[in-house]
Amino acid sequence: MSDPVGPGDLVLCVNAAPNHVTGEPVPLVAGETYRVLSIFEFACPCGRSDALLDVGVDFAWCQSRFRLLPKPKFEAKPRRVSAPKENETV
């Protein structure tokens, strides 16, 4: 990932291939969003990333399995308040 990832960021799983060291299936689901709990600055044995991400599933996963999702932009928008119209009697 070229973008800096930090704890609390949302990432999208794009690679749920079997574990590249043991060949066992992984519990991650491609297309699901995960929240990063912590980052471990260790080089992955595959050589594709320089960090492992803890997303709360098993231990930690190669950073190349995920893509950083953009943070939502909050804009204050003026809202209309609907109030009943008052009628004057003449």
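Keep in mind that what you see is a predicted model, and the values were worked out from it rather than measured. (Residues numbered from 1 in each chain as written. Predicted model: local features only at pLDDT ≥ 70, side-chain atom pairs only at ≥ 80, totals over all residues. Heavy atoms only, no water.)

**Focus: the state of the cysteines**
For step 1, the next point in the chain: Inspection of every chain in the model, using the stated rule, returns zero disulfides.
For step 2, the next point in the chain: Here Cys13 stays free of any disulfide, with the sulfur of Cys62 as its closest cysteine sulfur at 11 Å. (Disulfide = S-S within 2.5 Å.)

**Quick look at the nonpolar core**
For step 1, the next point in the chain: Val5, Val11, Cys13, Val26, Leu28, Tyr34, Val36, Leu53, Val55, Val57, Trp61 and Phe66 together form the largest nonpolar core, which totals 12 residues.
For step 2, the next point in the chain: With residues up to four places along the chain from it excluded, the contact list for Val57 reads Pro27, Leu28 and Tyr34. (Core = buried A, V, L, I, M, F, W, Y, C linked by side-chain atoms within 4.5 Å. Buried < 20%, exposed > 50% of the residue type's maximum accessible area, 1.4 Å probe, protein only. Contact = heavy atoms within 4.5 Å.)

**What about the side chain of Ser64?**
For step 1, the next point in the chain: Within the fold, Ser64 resides in the loop between β5 (61–62) and β6 (66–68).
For step 2, the next point in the chain: You can call Ser64 buried: its relative accessible area is 17%.
For step 3, the next point in the chain: Leave out the neighbours within four places in its chain, and Ser64 touches Val14, Arg48 and Ser49. (Helix = DSSP H or I, 4+ residues; strand = E, 2+ residues; numbered from the N terminus.)

Remember that the coordinates give geometry; whether it matters functionally is a separate question.
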